[in-house]
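If you want the building blocks of each chain, they are given just below.
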Amino acid sequence: WINDPQLGAEQWSLNGIDFDASSNVIYTVNQRAGLLFRIALNADGSAGAVTKIETSQELRRPDGLKVIGYNTLATGEGGAGGMAVLSLEGDKAIVRRIPAGLDGVATFAYYQGSAWVVENHADHFWDPANAGPDANAPFRIVEVPLHAGAIIMPGARDFPEGVAATSDGTFFAGSLEEGTIMRALPGATE
């Protein structure tokens, strides 16, 4: 379908692919080089232009790739034991890392806002010198929530110390400096 040298001609390079129906493109990652690419689909189904997406941070052995929302991708980071969420803006992507302390990210399934990551202990498989007592147990599928939220406190010296939440998602935070209590309604960002 396509053979483009910028995707990586060496063994163990491409390792993650997904189709974005909203923009009719395919995304793929090169694990060895830590690169992200977008491939346009022509009207006849043939491959169009290959575009390297510049990332705000290097991807660390990306493994697996999923479109998880509008202009949003997720990839496992085998070189970091966690995940990365990529927010696309044209030919650039802002990388937000989610450390998870995983032992070998192989790939993942996306379900209800979380990555369900296969931990494969690959360093033990590929390097017999590392095949110590923890090389074969436990293998796990681990949930890593991807959609982290944030609520910004508007004051310059709030120094929040306590936080509470109600069942509907209202948050309250006490200010150590100001002696006040702030409230954020469900879904609010301030």
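Computed from a prediction, not measured in an experiment: that's the story for all the values here.

Re the sheet that holds strand 8 (residues 92-99)
So, point 1. Strand order across the open sheet formed by 8 strands is 1-2-3-4-8-7-6-5, with mixed pairing between neighbours. The open sheet has two edge strands, strand 1 (14-20) and strand 5 (62-69), and neither has a second partner. Averaged over neighbouring strand pairs, the angle between their axes works out to 30° when direction is ignored.
So, point 2. Pairing analysis gives 2 bridges linking strand 4 (residues 47-55) to strand 8, with the strands arranged parallel. Residue E54 lies in a different strand from strand 8, and its bridge partner there is K92.

Observations concerning the pattern of salt bridges
So, point 1. All told, the structure shown has 5 salt bridges when counted by the stated rule.
So, point 2. Between E54 and K52 there is a salt bridge, with the nearest N and O atoms lying 3.8 Å from each other.
So, point 3. A salt bridge links E77 to R97, with the shortest nitrogen-to-oxygen separation between them at 2.7 Å. One end of the pair, E77, is in strand 6 (residues 72-77); the other, R97, is in strand 8, with 20 residues separating them in the sequence.
So, point 4. Look at E77 and you get buried, because its relative accessible area is 1%.
So, point 5. In this structure, a network of salt bridges that share partners links the residues R60, E77 and R97.

As for the side chain of S175
So, point 1. Here S175 lies in strand 13 (residues 171-175).
So, point 2. Judged by its relative accessible area of 7%, S175 is buried.
So, point 3. Excluding residues that lie within four positions of it along the chain, S175 makes contacts with R157, D158, F159, P160, T180 and M182.

Digging into the environment of S175
So, point 1. A sequence separation of 13 residues divides S175 from G162, and the C-alpha atoms of the two residues are 7.7 Å apart.
So, point 2. In this structure the side chain of S175 is engaged in a polar contact, spanning 2.9 Å, whose partner is the backbone nitrogen of E178.

What counts and what doesn't
- Residues numbered from 1 in each chain as written.
- Predicted model: local features only at pLDDT ≥ 70, side-chain atom pairs only at ≥ 80, totals over all residues.
- Heavy atoms only, no water.
- Pairing = 2+ DSSP bridges.
- Helix = DSSP H or I, 4+ residues; strand = E, 2+ residues; numbered from the N terminus.
- Axes fitted to C-alpha atoms, helices over the stretch in contact; angles between N-to-C directions.
- Salt bridge = Lys/Arg side-chain N within 4 Å of Asp/Glu carboxyl O.
- Buried < 20%, exposed > 50% of the residue type's maximum accessible area, 1.4 Å probe, protein only.
- Contact = heavy atoms within 4.5 Å.
- Polar contact = N/O pair within 3.5 Å; in protein donor to acceptor, adjacent residues only side chain to side chain.

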